[in-house]
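Given next are the chains, with one letter for each unit.
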Amino acid sequence: MKIEQNYSLINYNTFRLQVNSRWFMEYDNEEELQKILRDEYFQESLSLHIGSGSNLLFLNDYNGIILHSNIKGIEITHESGEHVFLRIGAAEKWDDIVAFAVEQGWGGIENLSGIPGEAGAAAVQNIGAYGMEIRDVIEAVETYNQLTFERKVFTSEECNYGYRNSYFKNEHNDPYIVTYINIKLCKNPQYCVDYGNLRQQLGKEEEMDLKKIREAVLAIRKEKLPDPGVIGNAGSFFTNPAIEEAHFNRLINRYPRIPSYPVEEGKRKIPAGWLIEQCGFKGKTHGNVGVHEKQALILVNLGEATGDEIALVAESIRMAVLEQFEIELIPEVKYIG
């Protein structure tokens, strides 16, 4: 177990913000986690469990305990003729899992290549890209209740997955800490390549395979998205809003080329990046904060930005989109502070 005081979180938030935590605790197994949860000081302190911080915006130093998992491992629990079932430690890097699955020839997560973060956080966030979401392969999520200390295994249905959402993100529910995720992959995968510009990137490949799809996804991400290791960012800052058909019909009269696609009955989803671009933010800088020149949905730390500065730019964007389109953007990034 690792316990540090006044600990820098620069390596635990992909915005690369210079913030500290009063305490930082990292556990290597479930027994150590149980010990921490039952500790009287921990119970009386402000605490936050994080992964690699790829979806967090720290507004200032964290005056409490940052808890982080170091539970790793990828284990085959069982197999069938068509599927392989894996139990994965919450601290495993998500893209390492995808690379491993592709190398083995197991399909179901190849379109999720290149997404930063750890396995546990991926299950909480319900990450998705190019027509796939992690909920498509989740069989179960192993957790501990942070209040009762009880171990609970959630089925996929109990995770209550939605667009970039899950049971674990609902603040009205008890807080749960993910220790392992269990996923089901296909030995004879059906490829999903007709989403976005993935088919275009693949070109006229006659013989498709998982490695080619992974390489194509990584190439698209490299071209369009900034590497958090090079320039601080948290990926998509806002979720894509879903609006009523009547609202969409009013907008299309003013903006005939507005992109959209149907979702639930009576609603259409609009790319948030397009809305932000129409408001003139794409490629612009605001002090130490920038809006990425290739993807307006991404805010970047140009070097010495603070969380407050990034939040102010995000609010300016939110208000501009609301005024011009009567659409309220919801941050995908979680504010801390």
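Given the structure is predicted, the values throughout are model-derived calculations rather than measurements.

Draft legend 1. Structural context of the packing of helix H3 (residues 94–104) against helix H6 (residues 210–224). Their axes nearest at 9 Å, the elements H3 and H6 cross at an angle of 150°. Judged on the interaxial angle alone, H6 and H3 are roughly antiparallel. In the packing of H3 onto H6, the handedness of the crossing is left-handed. In contact with Asp 95, Val 98, Ala 99, Val 102 and Glu 103 of H3, H6 contributes Leu 210, Lys 211 and Arg 214. Here the contact of H3 with H6 is composed, by residue class, of four nonpolar, no polar and four charged.

Draft legend 2. Expanded view of the packing of aromatic side chains. Applying the stated criterion across every chain, the model contains 16 aromatic pairs. Consider the rings of Phe 100 and Trp 106, whose centres lie 5.7 Å apart with planes at 75°: the pair is edge-to-face. Assessed through its relative accessible area of 10%, Trp 106 is described here as buried. These aromatic residues form a ring-pair network of at least three members: Phe 15, Phe 237, Phe 238 and Tyr 335. Directly above the ring of Phe 154 sits Lys 152, whose terminal nitrogen or CZ lies 4.7 Å from the centroid. The cationic tip of Lys 269 hangs over the ring face of Tyr 163; the distance from NZ or CZ to the ring centre is 3.4 Å.

Draft legend 3. Spatial organisation of the sheet that holds strand S6 (residues 74–79). Spatially, the five strands line up as an open sheet ordered S6-S7-S12-S10-S11, and their pairing is antiparallel. Each of the sheet's edge strands pairs with one partner strand only, and the pair in question is S6 and strand S11 (151–155). Sheet twist, expressed as the average angle between the axes of neighbouring strands with direction ignored, equals 20°.

Rules of the game
- Residues numbered from 1 in each chain as written.
- Predicted model: local features only at pLDDT ≥ 70, side-chain atom pairs only at ≥ 80, totals over all residues.
- Heavy atoms only, no water.
- Axes fitted to C-alpha atoms, helices over the stretch in contact; angles between N-to-C directions.
- Helix = DSSP H or I, 4+ residues; strand = E, 2+ residues; numbered from the N terminus.
- Parallel < 35°, antiparallel > 145°, perpendicular 65-115°, else oblique.
- Left-handed = near helix turned anticlockwise from the far one by under 90°.
- Contact = heavy atoms within 4.5 Å.
- Nonpolar A, V, L, I, M, F, W, Y, C, P; charged D, E, K, R; others polar.
- Phe/Tyr/Trp six-rings, centres within 6.5 Å; stacked < 30°, edge-to-face > 60°.
- Buried < 20%, exposed > 50% of the residue type's maximum accessible area, 1.4 Å probe, protein only.
- Lys NZ or Arg CZ within 6 Å of the ring centre and 35° of its normal.
- Pairing = 2+ DSSP bridges.

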